[in-house]
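Remarks on the overall topology
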Amino acid sequence: VNTRKHPLGIPPPSGKDWPKEDEENFFLLDPDRKRDVLPQPFRMINKLVMQVFESAVEIIEKREMLREAQKRKVQPKKCFPTAEFQVTERANCLAVSGKHVFVGLSVGLAAFNMCDFKDVCAWNEAKTEICAIHASDLGNECHVLLAVDEMGLAWLFCFHKESFLLIKILNEVEDISQQSPCVEVVLSRGGEYAGILLQGNTKAWLEIYQLPKDSWLTEMGKNAGAAEELACSERRSSCSSVVGTFLLQELPVSAIQADVKLDPPVLLLTVRPPKPITGTSFKGPLDALKEVDDGSMLGLGYNHLIKDSQWELQEAIFCSTYQEYLEAEGVIKEEIPKYATFHFLLPSRILVGPEMKVQPDIPVGIGVHWHGNHNFCLYLLNHSLKDKEGSDLKPDVVWPCAAPIACSAVSSCSRYLALAGEDATITIWDKHLGYPLSVTAILEERLIRSIHFL
C-alpha cells in the first residue's frame, strides 16, 4: 500500500521553460491572431459564422432606425364615412351648396340633405347625362346650379323648396348643326355671375352672364307664400274629413313651381382670344393716332403701324435663313387658341378706381388667359352697350409674362393671383398693389398642370 506522508501541494510557477521571445512580447500579441493558427476548415467556419453575425446586426440596426423614424412621423388620422347617399344611377360629379349636396347622374340630377342624409328630390326630365356641375348659395334656401351634359349643353337651374326649376339652356340654338358645345363653366361665389366657355369648329369664345339674383329671390318668396296659403286652405278644408290633414311637406311643390317664370340671365360680355399680329390698314401715323385717341394703350399689336408687305418680307427672310431647320421639324403656323381659364375677381385697385362705388363681396371683373398665350387679361364687368356693339372686346388691364401661361389660381380673398408658366416658373401677384410678391422656379423639364391656394 502506497501512502502519502505529506499533503499534496501546488508547485510554484516557474519560467524556466518559457521561450525568451514569448516572455518579452506576450502582452503585445493580438487575441484575434490566435484564430489564424487554427486548421483550415475551422478558420473557414469561423469566418462564415462571423459574417452571419455581422449581417444580422446590420439588419437589426436598420430595422430599429426605421422603427424610430416611423414613430417620429405624424400618423394620419383614419376617417370613416358617417353616412352614405344611395343613388340609383352612376354618379359623375357633385357640388355642395349650403346644406345640400347636388349629384350629377348618368340620367339627370339628384339633391341630398346633409342634415338627415336623405334624398330630397331628383330631376330627369331631359334624360341626359350630367358631366359637370357647379352650385352657389343665393340665400333664403335658394341655390343656383350650372350643369353641363354629355352633349355640351349648359343647363341653368334654380333649386328652391326641395325642387329643381329649369331657367334656361344657355347655349341652345334651333339648328343643332350650329350649336357650340360648352367645355367649361364657372359660377361666382355669391351667384351674381356665370361664365361659360364655348368651342366651335374653328374658334372659341367666352360668354359672361349676369344672373338676376334679387328678382329670383323675390319671385321665390312670393311662390313660397302662395304655397303656404294653399297648404293652410287645404288643412282647413280637410280638418273635418276622416282622411286627416295635409302637411305642407306633402304638397306637390314642384307642381306649384311649374307656373313660376324666372327672369333669364343677361349676357354681359363676349370675350374672344387675341388675334395673331397682322399688318395695319392705316395709311399713315396720324390715322393710327386718331384710333387710339380714347386713351387706350398700344402694346397688344392691334394698332401697330406695320404693313402687310413688311410682315411678308420678314417671313421670307426668316424662312430663307432657317430653311434647313424648318424642313426638318416642320413649319408650325400660329393658330387661334381654343381653350381658356378664367376667374371672377373681387374689387381691387387694379380694376376699380377711387371714384367707383362697388360692394366688396361682389365681383367687378374677370381674369382670362388663353392656352399658349403670354398675357393675362383683365376685363371689367360694367362695360357699356357701345363697347358690345363694336368689334372684339379689348382687355382693360394686361399683365404680360415671359413664357406662355400654363395655369393660374386666385386666392379665396381674390387678392393674390398665381400664374404658372410653361417654363416651370410660378409668380405670385398682389392684385391690390399691382406688383409680384415672389417668383419661384421649379426644376427644369417640368410642366405645371394645376396650381391651388391652400
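As the structure is a prediction and not an experimental result, all values here were calculated from the model. (Residues numbered from 1 in each chain as written. Predicted model: local features only at pLDDT ≥ 70, side-chain atom pairs only at ≥ 80, totals over all residues. Heavy atoms only, no water.)

Some details on the overall build of the protein chain
Helix and strand counts for the protein chain stand at 8 helices and 20 strands. Within the protein chain, the fraction of its 454 residues that count as buried is 34%. Considering only residue pairs separated by 6 or more positions, the protein chain has 49% of its internal contacts joining residues 24 or more positions apart. Accessible surface computed for the protein chain: about 31,400 Å², of which carbon and sulfur atoms make up 55%. (Helix = DSSP H or I, 4+ residues; strand = E, 2+ residues; numbered from the N terminus. Buried < 20%, exposed > 50% of the residue type's maximum accessible area, 1.4 Å probe, protein only. Contact = heavy atoms within 4.5 Å. Areas by Shrake-Rupley, 256 points an atom, 1.4 Å probe, with all protein chains shown as cover.)

Some details on a negative patch on the surface
Residues E54, E58, E61, E64 and E68 make up a contiguous surface patch of negative charge. Summarising the element assignment, E61 is placed in helix α2 (residues 40-72). Judged by relative accessible area, which is 45%, E61 ranks as partly exposed. (Patch = residues over 30% accessible without salt bridge, like charges linked within 9 Å, V, L, I, M, F, W, Y side chains within 5 Å. Salt bridge = Lys/Arg side-chain N within 4 Å of Asp/Glu carboxyl O. Lys, Arg positive; Asp, Glu negative; His and termini not counted. Charge placed at Lys NZ, Arg CZ, Asp CG, Glu CD.)

Side note on a nonpolar patch on the surface
On the surface, F85, L94, V96, M114 and F117 cluster together into a nonpolar patch covering about 440 Å² of accessible area. The topology assignment puts V96 in strand β1 (residues 91-97).

A short note on the pairing of strand β3 (residues 109-113)
In terms of burial, β3 is a largely internal element, 5 of the 5 residues being buried. Here β3 shows two buried faces, one formed by L109, A111 and N113 and the other by A110 and F112. Here 5 bridges tie strand β2 (residues 100-105) to β3, and the two strands are oriented antiparallel to one another. Looking across to β3, one finds that H100 is bridged to N113. Turn length for the β2-β3 hairpin, with the two strands adjacent in sequence and antiparallel, is 3 residues, and the turn residue G108 shows positive phi of about 90°. With 5 bridges connecting them, β3 and strand β4 (residues 118-123) associate as antiparallel partners. (Pairing = 2+ DSSP bridges.)

Description of the pattern of salt bridges
Evaluated as defined, the whole model comprises 4 salt bridges. Where K161 meets E141, a salt bridge forms, and the shortest distance between an N and an O atom there is 3.7 Å. Of this pair, K161 sits in the loop between β7 (154-160) and β8 (164-169) while E141 sits in the loop between β5 (130-139) and β6 (142-149), placing them 20 residues apart in sequence. Take K161: its relative accessible area is 35%, and that puts it in the partly exposed class.

Side note on the environment of K127
Inspection of the secondary structure assignment puts K127 in the loop between β4 and β5. Judged by its relative accessible area of 60%, K127 falls in the exposed class. In the structure, K127 is positioned 21 residues away from S106 in sequence and 8.5 Å away in space, judged by C-alpha atoms.

Quick look at the sheet that holds β3
The 4 strands are arranged β1-β2-β3-β4 in an open sheet whose pairing can be described as antiparallel. Single-partner strands in this sheet number two, and they are β1 and β4. The average undirected angle you get between the axes of adjacent strands in this sheet is 20°. (Axes fitted to C-alpha atoms, helices over the stretch in contact; angles between N-to-C directions.)

Comments concerning the sheet that holds strand β11 (residues 204-210)
Across the sheet, 4 strands lie side by side as β9-β10-β11-β12; this open sheet has antiparallel pairing. The open sheet has two edge strands, β9 (182-187) and β12 (266-271), and neither has a second partner. Here the average twist between neighbouring strands, direction ignored, is 20°. Alignment of β11 against β12, held across 5 bridges, turns out to be antiparallel. Counted as the bridge partner of Y209 is L267 from β12.

Thoughts on the side chain of H143
Mapped onto the secondary structure, H143 falls in strand β6. Residue H143 is classed as buried on the basis of its relative accessible area of 3%. Look past the residues within four positions of H143 in its chain and what remains in contact with it is S97, G98, H100, F102, S136, D137, L138, F157, C158 and F159.

Examining the pairing of β6
Among the 8 residues in β6, 8 count as buried, and that is most of the element. Across the two faces of β6 the burial is the same, with C142, V144, L146 and V148 and H143, L145, A147 and D149 all buried. In this structure, the hairpin formed by β5 and β6 is closed by a connection of 2 residues, where N140 is found at a positive phi of approximately 60°. Bridging between β6 and β7 involves 7 bridges; their strand directions are antiparallel.

Some details on the packing of aromatic side chains
A complete count under the given rule lists 9 aromatic pairs for this structure. Ring geometry for F157 against F164: centres 6.2 Å apart, planes inclined by 75°, an arrangement best described as edge-to-face. You can call F157 buried: its relative accessible area is 0%. What makes F164 buried here is its relative accessible area of 11%. Feature note: the residues F102, W123, W155, F157, F159 and F164 constitute an aromatic cluster, connected by ring pairs. (Phe/Tyr/Trp six-rings, centres within 6.5 Å; stacked < 30°, edge-to-face > 60°.)

Some details on the confidence of the model for the protein chain
Looking at the protein chain, the pLDDT average stands at 77 and 70% of residues meet or exceed 70. Confidence drops under a pLDDT of 50 for residues 234-256, and excluding neighbours within four residues, the segment shows 20 contacts in the predicted structure. The low-confidence segment residues 293-302, where pLDDT is below 50, has 9 contacts with residues more than four positions distant or belonging to other chains. (pLDDT = per-residue confidence, 0-100.)

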